[in-house]
Every structure is written in C-alpha cells, then in structure tokens.
Amino acid sequence: MGCEVCGQDAPEHIWRCEKHFCCDVCRTKEDLLFWSSMLICKSCHDKRVRQRIAAFDDDTYYRDEIICPWCGDKSISDCEGTVKHKHKCSFCGQKFDITRKVDIAYTTTRTGGITTDEFTAKLRE
Ligand SMILES: [Zn+2]
Ligand SMILES: [Zn+2]
Ligand SMILES: [Zn+2]
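Predicted model only: the values in this text are computed from it and were never measured.

**Some remarks on the overall build of the chain**
For step 1, the next point in the chain: A count of helical and extended segments in the chain gives two helices and four strands.
For step 2, the next point in the chain: When the helices and strands of the chain are placed in sequence order, the string is β-β-α-β-β-α.
For step 3, the next point in the chain: The C-alpha radius of gyration computed for the chain amounts to 27 Å, which surpasses the reference 14 Å derived for 125 residues by more than 25%, pointing to a less compact arrangement than a globule.
For step 4, the next point in the chain: With the C-alpha coordinates of the chain rotated into their principal frame, the extents come out at 95 × 35 × 15 Å.
For step 5, the next point in the chain: Counting across all 125 residues of the chain, residues that qualify as buried make up 10%.
For step 6, the next point in the chain: Within the chain, contacts between residues at least 6 apart in sequence are counted, and of these 11% link residues at least 24 apart.

**Let's talk about unusual backbone geometry**
For step 1, the next point in the chain: Phi angles above zero are rare outside glycine, and Arg 27 is one such case at about 70°.
For step 2, the next point in the chain: Its location among the elements puts Arg 27 in the segment before strand E1 (32-35).
For step 3, the next point in the chain: A positive phi angle, close to 45°, is found at Asp 31, a residue other than glycine.
For step 4, the next point in the chain: When you line up the elements, Asp 31 lands in the segment before E1.

**Comments concerning the pairing of strand E4 (residues 95-99)**
Along a regular strand, successive side chains alternate from one face of the sheet to the other.
For step 1, the next point in the chain: Burial analysis of E4 places just zero of its five residues in the buried class, which makes it a mostly uncovered element.
For step 2, the next point in the chain: Pairing analysis gives five bridges linking strand E3 (residues 84-88) to E4, with the strands arranged antiparallel. Of the residues in E4, the one forming a bridge with Lys 86 is Asp 97.

**Structural notes on the domain arrangement of the chain**
For step 1, the next point in the chain: If you check the domain split of the chain, you get domain 1 (1-55) and domain 2 (56-102).
For step 2, the next point in the chain: Computed from C-alpha atoms alone, the centre-to-centre distance between domain 1 and domain 2 is 26 Å.
For step 3, the next point in the chain: Contact with domain 1, which involves four residues of that partner, is made by six residues of domain 2.
For step 4, the next point in the chain: A breakdown of the residues in the side of domain 1 that touches domain 2 according to their chemical character gives three nonpolar, no polar and one charged.

**Considering the confidence of the model for the chain**
Interpreting fine coordinate detail is not advised for predicted regions of low pLDDT.
For step 1, the next point in the chain: Model confidence for the chain is summarised by a mean pLDDT of 86, while 95% of its residues fall at 70 or above.
For step 2, the next point in the chain: Of all secondary-structure elements in the chain, the lowest mean pLDDT belongs to helix H2 (residues 116-124), at 84, while helix H1 (residues 42-55) reaches the highest, 94.

What counts and what doesn't
- Residues numbered from 1 in each chain as written.
- Chains lettered and ligands numbered in written order.
- Predicted model: local features only at pLDDT ≥ 70, side-chain atom pairs only at ≥ 80, totals over all residues.
- Helix = DSSP H or I, 4+ residues; strand = E, 2+ residues; numbered from the N terminus.
- Rg over C-alpha atoms; globule rule 2.2 N^0.38 Å.
- Buried ≥ 20, exposed ≤ 12 C-beta atoms within 10 Å, placed from the backbone.
- Contact = placed C-beta atoms within 7 Å.
- Pairing = 2+ DSSP bridges.
- Domains from an automatic or database assignment.
- Nonpolar A, V, L, I, M, F, W, Y, C, P; charged D, E, K, R; others polar.
- pLDDT = per-residue confidence, 0-100.

In structure tokens:
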C-alpha cells in the first residue's frame, strides 16, 4: 500500500511514507492519530475540538439526525434500540444523552365486558 499523499511505497507505516507520516496541520511526528482521511496530532485535534465546541451552541431538540450537543458532530449513528441512552462523541470525547422521540400512536380497548352481540341486542330493545 502506498502513501496516500505522494503515492510512494510506504513500508514503514500504513497509508503514509516516512516523510508524510506527520500531523497534516503542524507536521509534528508526536502523538499522531488518524482522523477520517487526516493524520493529525493530539494537540491539533484538541484545538479543533475546542474551536468546534466554542462555535457550537448547546443541546439540540427534535432534529432528524443525532448531533453532539458539545461540538455539533453529526457523524453519529444510533445503534441502540432504547428510547434514551448515553453516547460518547467520537470527535470530542464528551458524553451526552440521546433521547429518541417516539411517534404518538393511539390504542383503544373495549371496557365493560359485554360482547358485540350483547351490545347490538341491547340497541334493538
Ligand atoms: Zn508520502
Ligand atoms: Zn499537529
Ligand atoms: Zn462531540
């Protein structure tokens, strides 16, 4: 597999050659992590998280997608079936609750214990 930046053979690291095995933002070789298609160092990632949290408002209500209430990340897939559960954002690492709104449906059940026949018989009287 070659380096995804320059295309050269990359025997030392997966996806990157030695020259490009560094943070895409500040070029350091310390504390690197792959983030989608980026290679980024921990401190540059933390900086991006801080910027996103500063720019993002707050809790979100009744959206049609799950949005992290800390950083606004939308790449969250709801894998749990419960109405309310805890989630940890993979972008900023903060925890939050997901509450799924369940559509209202009405159920009606007969009370009184009389059968349809008994009821219609009563109407004829
Ligand atoms: Zn390269
Ligand atoms: Zn960096
Ligand atoms: Zn987040």
